[in-house]
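Single-letter residue listing:
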Amino acid sequence: MDNNSGIVAVIGGLGDYGNSPALMRLDAKLGAVRPRDRKTRALAAKATGRLELMEARVTPATFELVAEWMLGQNLGSDHTRRAYADDIRFVADALAAEHGGPLDVLTLTPADITQAVATMQDDPHVSDRSIVRRLNAVQSLYSFVCHKANQPDRKIVSKYNRPKVDRSSLNAKSTKSLTAEEQHRIADAAFSAGEGLAFILGVSLAGRVEELCAADLEDMRRLDGGAAELTVTRKGGKVRTFPLPPALVGLVDRVHRGARTGPILVKADGERMTRSAFDALLRRLGHRARVWTCPDAYSRGKRPGNGPASTAGHTFSGKDACRSCRNVTPHVLRATKLTELARLEGWDLRQVQQFADHASPETTAGYIERDDARKVRAAGTAATAANLAGQISRWTR
């Protein structure tokens, strides 16, 4: 028996949004993106609106349901809407690879989810954690459909078809934080003031990449003495104001040559920094600075400032990526700042949570626990090595 038959019958005839003002507002909120080819990993030459990409991948009924769901207030911020739109698109692509048709949320089953998971896991660039995030978006949409049809909420994503991930803050693959020395090396590896500003502002605000890229010069209020206040919109639509010291304001002015309008973070061509561009910049800076990279990643005599020259057979990404190397990511900057604040005298967990805008203190504590655990493990292995130094030297001297 089709468990979705009740939903299909109730949803039945939906109206046509067409070019309604509501749909145009949603289109503006979601923005555009350069989709990546699943096989070649190449970015499309031209950006396409997320809403247009969605319409091409789902049935007309599903498209109208997605639009109504995203126009609702339950998703909070535009950042969340964009992330959900991307996640739904990725799952739709995975299902299309299996059966070739558009995503129809009205007939979606747990078996479809199982197939989509298998397809996504075939991609070496997609982690199980990312897959779980995508499935959560699909379940959220499906729950909305059940609500709209006045039907009991049914889980099409469960422990039986969802990848199992280690959510512990002590997971070996969890986000690391940069030491003060590593931060200096990365900043020193910047080729321009704009690259330096992106890194330094990212650490300073412990911001998520979307809110950093969305910040404009108009959001800065100048104060006496060369300081300023920057207002940003954070996850969940929270509006926060951060004081900027004169030195950082001076760097902003240096990048923009005194301009007072436009995006704060820009690419080399002067256009607004995007999420993908910010990710790529941090990877390049980390590779140049040789932070968290192995010796095999570079030619002999190549200085970090000249950029990494990968040796034959070594790669930073893909299924053959070096398992010793790790990339610097936007989340690394956030983890770095929150770990630093937790170590400052006079700062307690509540204050760090407030700075991070975490809903739960457990999320904030996770950053601190990860750092503490690494130090404990390092001390443990170092103690054994010191105790048996004489024995080790028998084979290494």
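The present account deals with the structure reproduced in this document. (Residues numbered from 1 in each chain as written. Predicted model: local features only at pLDDT ≥ 70, side-chain atom pairs only at ≥ 80, totals over all residues. Heavy atoms only, no water.)

Turning to the overall build of the protein chain, a few remarks are in order. Helix and strand counts for the protein chain stand at 16 helices and five strands. Residue burial in the protein chain is summarised as follows: out of 397 residues, 43% are buried. In the protein chain, 62% of the contacts between residues at least 6 apart in sequence involve partners at least 24 apart. Carbon and sulfur atoms make up 51% of the accessible area of the protein chain, which amounts to about 21500 Å² in all. (Helix = DSSP H or I, 4+ residues; strand = E, 2+ residues; numbered from the N terminus. Buried < 20%, exposed > 50% of the residue type's maximum accessible area, 1.4 Å probe, protein only. Contact = heavy atoms within 4.5 Å. Areas by Shrake-Rupley, 256 points an atom, 1.4 Å probe, with all protein chains shown as cover.)

For the rest of this paragraph, the subject is the side chain of T119. Position of T119 relative to the elements: it lies in helix 6 (residues 110–121). Take T119: its relative accessible area is 6%, and that puts it in the buried class. Setting aside its immediate chain neighbours within four residues, T119 contacts R38, A94, A97 and E98.

It is worth spelling out the pattern of salt bridges at this point. What the rule picks out here adds up to 18 salt bridges. With a closest N to O distance of 2.7 Å, D86 and R89 form a salt bridge. With D86 and R89 both in helix 5 (residues 78–99), this residue pair falls three residues apart, about one helical turn. Its relative accessible area of 14% is what places D86 among the buried residues. When the shortest N-O distance is used, the salt bridge between R260 and D253 registers 3.7 Å. (Salt bridge = Lys/Arg side-chain N within 4 Å of Asp/Glu carboxyl O.)

Here we take up the layout of surface pockets. If you roll a probe as big as a water molecule over the atoms, it shows you where there is empty space left. Taken as a whole, the second largest pocket spans an internal volume of roughly 350 Å³. As for the second largest pocket, its lining consists of 16 residues, of which S192, E195, V266, K267 and A268 are closest to the centre. If you list the elements that add at least two residues to the lining of the second largest pocket, you get helix 9 (193–205), helix 11 (246–256) and helix 12 (275–289). Examining the composition of the lining of the second largest pocket, we find that four residues originate from one element, helix 12, more than from any other. In terms of residue class, the lining of the second largest pocket is made up of eight nonpolar, three polar and five charged. (1 Å grid on protein atoms, 1.4 Å probe; cavity = no way out; pocket = protein on both sides within 12 Å on 5 of 7 lines; lining within 4 Å. Points joined across faces, edges and corners; volume = space filled by probe spheres on them. Nonpolar A, V, L, I, M, F, W, Y, C, P; charged D, E, K, R; others polar.)

Moving on, we come to a positive patch on the surface. On the surface, R34, R36, R283 and R284 cluster together into a positively charged patch. Along the polypeptide, R36 turns up in the loop between strand 1 (32–33) and strand 2 (48–49). (Patch = residues over 30% accessible without salt bridge, like charges linked within 9 Å, V, L, I, M, F, W, Y side chains within 5 Å. Lys, Arg positive; Asp, Glu negative; His and termini not counted. Charge placed at Lys NZ, Arg CZ, Asp CG, Glu CD.)

So, about unusual backbone geometry. With phi around 55°, N150 is a residue other than glycine that occupies positive phi space. Tracing the backbone shows N150 in the loop between helix 7 (128–148) and helix 8 (180–188). Residue classification places N150 among the exposed positions, given a relative accessible area of 70%.

The next thing to look at is the nonpolar core. In terms of nonpolar packing, the biggest core is built from 48 residues, with M220, I264, L265 and F278 touching the most fellow members. Among residues more than four places away in sequence, those in contact with F278 are A198, V209, L212, C213, L265, M273, P330 and L333. Judged by nonpolar contacts, the second largest core, of 39 residues, contains L26, L30, L108 and F144. (Core = buried A, V, L, I, M, F, W, Y, C linked by side-chain atoms within 4.5 Å.)

Only one face of strand 4 (residues 228–233) is buried: it carries A228, L230 and V232, and the other face, with E229, T231 and T233, is open. Summarising the sheet, strand 3 (residues 220–222) and strand 4 pair through three bridges and their orientation is antiparallel. Across the sheet, R221 pairs through a bridge with E229, a residue of strand 4. What sits between strand 3 and strand 4 in their antiparallel hairpin is a turn of five residues, with G225 showing a positive phi close to 85°. Of the strand pairs in this sheet, strand 4 and strand 5 (residues 239–244) are connected by six bridges, and their pairing is antiparallel. Bridge pairing in strand 5 links T231 to T241. Hairpin connection of strand 4 to strand 5: five residues between the antiparallel strands, including G236 at a positive phi of 80°. (Pairing = 2+ DSSP bridges.)

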